[in-house]
Amino acid sequence: MHKIELEKAYNPKSFEDRIYAKWLESGAFSPVASQEGRAPYVIVIPPPNVTGVLHMGHGLNQTLQDIVIRFHRMRGEPTLWVPGTDHAGIATQNVVEKRLKAQGKHRSDMSREDFVNETWKVKAEHHAIISKQIAVMGNSVDWTRERFTLDQGLSLAVRDVFVSLYERNLLYKGNYLVNWCVGCGTALADDEVEHEDTPGKMYHIRYPYTDQSSFAELATTRPETLFGDTAVAVHPDDERYKHLIGKTVHLPLTDRDIPVIADPYIDPNFGTGLMKITPAHDINDWEVGKRHDLQVINILTQDGKLNAEVPPKYRNMTIALAREAVVQDLKAQGLLIKEEEIVHAVGHCYRCNAVIEPFLSEQWFVRMKPLAEKALGAWKRGEIVFYPKRWENTYVHWLSNIRDWCISRQLWWGHRIPAWICASCGKTTVSRVDIEKCPHCGGAVVQDPDVLDTWFSSWLWPFSTLGWEGVEQAKRENPADLRRFYPTTALITAYDIIFFWVSRMIMAGLEFTGQVPFRDIYIHGLVRDKQGRKMSKSLGNGLDPLELVDEFGADAVKFTLAYLCAQGQDVLIDKDSFKLGSRFANKVWNASRFILMNLEGRNLIENPSLRMVDRWIYSRLNTAARAMIDAFLSYRYNDAASVADSFFWNDFCDWYVEAMKLSLRSDDEVEKDRAVSVLLDMLAQALRLLHPLIPFVTEEIYGKLPNTERPLITAPYPLPVFNEKDAEIEKHFGVLQDLTRRIRTLRSECTVPPEKKARVAVNFAPALRSAEFEGFLRENSSLVKLLANISELSFSIGDEKDTPSTQGAIGLVGNGFEAFVFIADAVDLSFLKQKFTKELEKDKRFIDNLEKKLANEDFLRNAPPDLVKNEQTKRTTAYAHVEKLTAYVRDMGAVAQEQDIL
């Protein structure tokens, strides 16, 4: 063989694009037809919105999916990862409207068709960027099956589901209080409203009794809504106000009187125990109003201004201006008792952040309770499994308290509602196909102008992406992909959309396919900065995945995110965090480069014999493979990355490759061939082990090995092989490592230069003696000398007459042995003793401070338990260090007396 040259420096830019193109060309991302007999592993990507570029949240989410997809592909399973994007109704329409505004235009200046065409252009532009980002990250999605939520097939599925729900009496249209975004001009579902603690005021207002005997004091944060009040309510058992029930009060700033009613919803202990009831602008008041058949007065227009239901003075005012005017007029009439500064939760639009207004509007709704009951049943039967398990509680709570879902949106971009209203008879017709005439009277019809909530198409994603186009199609025959790959296997998503998407997909899957859409639900955290803040443009703490890939490489980004992604926790990162992954990928490159440089003139041997150190590294590979397989199967990404890092960096590089230098430097050509052959096999297996976490660099190196044929992406993942002797080999090698580490630590603490080599004598004292360890260390003494960088290594047994003197050495005690390092051969003892003495003084001062802190009862009582435990650990560590240094100084004193140099 000839040596194989890798570039001296790890440079991912030189091969990542080339390798991705090679994977695409080979069809490696598509499931192999010959695997049909095996159960598939399938993921549908949470579709990014076509509104911009991918952020770090997408980077984390797609990295986690790619890791398990690659792992299962290497296990020989038919593996499918379906990519796609979401049309994102509100968000995408906002982008287009902002562009029009920059041009001095508004969507009302153009036809609906022209506006939708402009939006398709934005979609195409952003889709191209998103696709490039997915590829640059190295994500192995099956591009041949890419979908979009407004594709023809998905549109057919959406329309069929709407009609089917209507036919099953699970969908209705009616006047109801909805969350209205005045910024977007549309209704929102409850879970699209984000509540933020916001400074505000509580206004206490006099409502005079109609008989002018006194007044009722009521408090509100929204005084402008008093124009929509239609009652004042008290609790029926509140003795203070029983005499008022049935009477009336005068509504301030109006010419109306409203009744005092009794309702058990009212909390007599809250405020004054009196509550203004505004059915059109508060959901709880809406329910009270229905029970008492109160008048419902909507005082707002769709763009958030006061309408004709209010006195003329306030009409066309914005909510903010109307609030200011109402407060001033209440003051002027002596009806404002006081104002209080408060902080309260205020609903905001999840897209434009405008304040949400409860608004009476005619909308389409899905009856959710029957669907939720099925989804709860699936969980109870164990058909879905959450990782981490605690998310089950959130799932159950939300489904148990679910409300009907408002699915209509007052937008132009999205799936048009398939309902037509007759201009003649007024009846509504819901249809799977477009109609031109009313089926009831033959009159002209107009299609409902609204579109469906974006999530109405997304909740069908797991099966609509695989070809499901409706109930009628499913009755005939499902498409091949649906039969083969549905239900999918796993959903990997962030916890912030568990309500929007996860729960609804389960409901839709059960309702329309009779099966849950996936089994495993892995809920990961959010990506935040080092201070725990959400990444945002306003804070300037965002990270661009493409910029990170350009600087560190895709493998570095992937490995870092996996390493830091612990179940149930957010991922806290900054730019420097990715040096972790870069260092690891660089280590893999350099270790591989060293091995490949040593191939010159060597012959590859089939089934080479294995020495002790070879058997040890194969045992460590078995242990690592077993742990990583278990971690991947249970979505413990950080555990898998940690094992990979420890195995390759510690076991393989620091111990095995270093140990093999004995053979590589040997004069025995046969031994060199044997060593190189084993090294190449172990390197190939290590690269297969690491591939799901760092796919590019492993594929690049694997393709250059003389002992590999197929691409790494489809090579088999290492399978742990049980061997009874593994435990014995690892135990023996562990003693060798223990001895080596202790010598290395002493050398480091004594600042022994690398070129200085000390003698070491190992004594197997009768009390510590272990015959098996003794023989093992004697047999591998050359390896210890190499790894510990020592000049001589001698062995003795405590009761032997020829046991050498240990005078002039610092003693170390290990598992089954004592080692004596003749440190005086390598360092200036007077300097070293001064160094250790200063360290001892510093440690003792540190311990004194810790003892005072831990003796302080106030500290123990008030400090968090973790902090107290941390301080106790510091104390234990400091005492151990003092004990070790004291022994060093004592031994050096004996050496000095012997040499008469101190």
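What you see is a predicted model; the values in this text were computed from it and never measured.

Asker: Provide a residue-level description of the pattern of salt bridges, including the pertinent values.
Answerer: Inspection of every chain in the model, using the stated rule, returns 54 salt bridges. The shortest N-O distance in the salt bridge between glutamate 669 and arginine 602 comes to 2.5 Å. Linking glutamate 669 in helix α20 (residues 669-690) with arginine 602 in the loop between α17 (579-597) and α18 (612-633), this pair joins segments that are 67 residues apart in sequence. Its relative accessible area of 42% is what places glutamate 669 among the partly exposed residues.

Asker: Describe the side chain of threonine 560, with residues and values.
Answerer: Along the chain, threonine 560 turns up in helix α16 (residues 554-564). Of the residues examined, threonine 560 reaches a relative accessible area of 0% and is grouped as buried. Within the structure, the side chain of threonine 560 is placed 3.0 Å from the backbone nitrogen of glycine 581, a separation counted as a polar contact. Look past the residues within four positions of threonine 560 in its chain and what remains in contact with it is Ser577, Phe578, Leu580 and Gly581.

Asker: Go over the pairing of strand β9 (residues 231-234), please, and point to the residues and values.
Answerer: Covered by surrounding structure in β9 are Ala231 and Ala233 together with Val232 and Val234, the residues of both alternating faces. As paired strands, β9 and strand β12 (residues 275-277) are joined by three bridges and run antiparallel to one another. When the bridges of β12 are listed, valine 232 appears paired with lysine 276. Sheet topology note: the β9/strand β11 (residues 257-262) ladder contains three bridges and is parallel. Its bridge partner being in β11, valine 232 is matched across the sheet by valine 260.

Asker: Can you explain the packing of α18 against helix α19 (residues 637-664)? Please cite residues and give values.
Answerer: Contact geometry for α18 and α19: axes closest at 9 Å, N-to-C directions at 170 degrees. Looking at the two axes, α18 sits roughly antiparallel to α19. Contacts between α18 and α19 involve Val613, Asp614, Trp616, Ile617, Arg620, Leu621, Ala624, Ala627, Met628, Ala631 and Phe632 on the former and, on the latter, Asp639, Ala640, Val643, Ala644, Phe647, Asp651, Phe652, Trp655, Tyr656, Ala659 and Met660. Of the residues contributing to the contact of α18 with α19, the split by class is 18 nonpolar, no polar and four charged.

Asker: So what about the packing of aromatic side chains? Which residues, and what values?
Answerer: Applying the stated criterion to the full structure yields 40 aromatic pairs. Between the aromatic rings of tyrosine 10 and phenylalanine 15, the centroid separation amounts to 6.4 Å while the plane-to-plane angle is 50 degrees, which identifies the pairing as tilted. The class of phenylalanine 15 is buried, set by a relative accessible area of 1%. Ring geometry for tyrosine 20 versus phenylalanine 29: centroids 5.3 Å apart, planes at 55 degrees, classification tilted. The residues tyrosine 20 and phenylalanine 29 share a single accessibility class, namely buried. Here the aromatic residues Phe162, Tyr166, Trp364, Trp405, Phe456 and Trp459 are joined through ring pairs into a cluster of three or more. Over the ring of phenylalanine 215 we find arginine 206; its NZ or CZ atom is 4.7 Å from the centre of that ring. One cation-aromatic arrangement involves lysine 661 over phenylalanine 594; the distance from NZ or CZ to the ring centre is 5.3 Å.

The rules we used
Residues numbered from 1 in each chain as written. Predicted model: local features only at pLDDT ≥ 70, side-chain atom pairs only at ≥ 80, totals over all residues. Heavy atoms only, no water. Salt bridge = Lys/Arg side-chain N within 4 Å of Asp/Glu carboxyl O. Helix = DSSP H or I, 4+ residues; strand = E, 2+ residues; numbered from the N terminus. Buried < 20%, exposed > 50% of the residue type's maximum accessible area, 1.4 Å probe, protein only. Polar contact = N/O pair within 3.5 Å; in protein donor to acceptor, adjacent residues only side chain to side chain. Contact = heavy atoms within 4.5 Å. Pairing = 2+ DSSP bridges. Axes fitted to C-alpha atoms, helices over the stretch in contact; angles between N-to-C directions. Parallel < 35°, antiparallel > 145°, perpendicular 65-115°, else oblique. Nonpolar A, V, L, I, M, F, W, Y, C, P; charged D, E, K, R; others polar. Phe/Tyr/Trp six-rings, centres within 6.5 Å; stacked < 30°, edge-to-face > 60°. Lys NZ or Arg CZ within 6 Å of the ring centre and 35° of its normal.

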